[in-house]
Amino acid sequence: MYSYLYGKVISINKKSITFDCNNVGYVIYVNNPDSFKLNTMLYLYVYRQYKLTSKNSFVDDIYGFKTYLDKELFLSLMRCQGIGAKTSLLICSNDNNLLKQLIVTKNYDELAKCKGINTKSAKIIIDTLYEFYKNKIDNSSMNNMISELFSALNALGYKENDIQYAISKMSLTNTSDKEELSSLIADAIKIIINKDTNAIESN
């Protein structure tokens, strides 16, 4: 199984491109062939599907994506009942971030309007992928907050080990609200001051 290929776009077709990698030409299905340029060198994240069909013939197809997040979305859609590789690829022609937002907000109606999705498949997609993408978005939000908090305390002159200590003692919530961040900064400073006070008293 390949994770990615590095090579050159040799030709662009209606639903695929021919991709030269180490003098081997691969026919790779992509969600938007027109976004590729001929003779361009690039990394292509790929998924190879090799399976036996109901007619006892083998399918050996390669699907390609410009980013790992697009490949991740494709693979997650493949987990949904009744959605195969070609439908997943078509769905991936929609905006990646929009699809994830519609999934985590459980917006069935708007998701059903996206290319490759109908009312029935929208419900299946949300029911299958809600927790997966909710956790990813929550973790991303949390990481952004920690980064902002660390930068703010660092700008105030606090040492990195004190900042890390304060963050480890805090109960953080997933929000980017400025008032909440200001409150967290104040709480972190109190923890650092108390840490230093306790250290002095123990001496």
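Residues numbered from 1 in each chain as written. Predicted model: local features only at pLDDT ≥ 70, side-chain atom pairs only at ≥ 80, totals over all residues. Heavy atoms only, no water.

Peer 1: In this structure, what is going on with the overall build of the chain? I would like to understand it.
Peer 2: Scanning the chain from N- to C-terminus turns up seven helices and five strands. Counting contacts in the chain only where the partners sit at least 6 residues apart, residues at least 24 apart contribute 50% of the total. When the accessible surface of the chain is totalled, it reaches about 12,600 Å², and 49% of it is carbon and sulfur. (Helix = DSSP H or I, 4+ residues; strand = E, 2+ residues; numbered from the N terminus. Contact = heavy atoms within 4.5 Å. Areas by Shrake-Rupley, 256 points an atom, 1.4 Å probe, with all protein chains shown as cover.)

Peer 1: Teacher, can you tell me more about the nonpolar core here?
Peer 2: Where a protein is soluble and globular, its nonpolar side chains tend to be buried together. Counting 26 residues, the largest nonpolar core has F74, L111, I117 and I125 as the members making the most contacts within it. With six residues, the single largest contributor to this core is helix α5 (residues 119–155). Not counting residues up to four positions away in its chain, the partners in contact with L111 are L99, L102, I103, I117, A122, I125 and I126. (Core = buried A, V, L, I, M, F, W, Y, C linked by side-chain atoms within 4.5 Å. Buried < 20%, exposed > 50% of the residue type's maximum accessible area, 1.4 Å probe, protein only.)

Peer 1: Before we go on, may I ask you to explain the sheet that holds strand β4 (residues 41–52) in this structure?
Peer 2: Where strands meet in a sheet, backbone hydrogen bonds hold them as pairs that are either parallel or antiparallel. Reading around the barrel, the five strands line up as β1-β2-β3-β5-β4 and close back on themselves, with mixed pairing between neighbours. Between one strand and the next, the sheet's axes are offset by a mean angle of 55°, whatever the strand orientation. Pairing of strand β3 (residues 24–29) with strand β5 (residues 58–65), which is carried by two bridges, proceeds in the parallel orientation. Note on β5: the bridge partner recorded for Y29 is Y63. In this fold helix α1 (residues 68–78) packs onto β4 and β5, with an angle of close to 15° to the strand it touches most, β4. (Pairing = 2+ DSSP bridges. Axes fitted to C-alpha atoms, helices over the stretch in contact; angles between N-to-C directions.)

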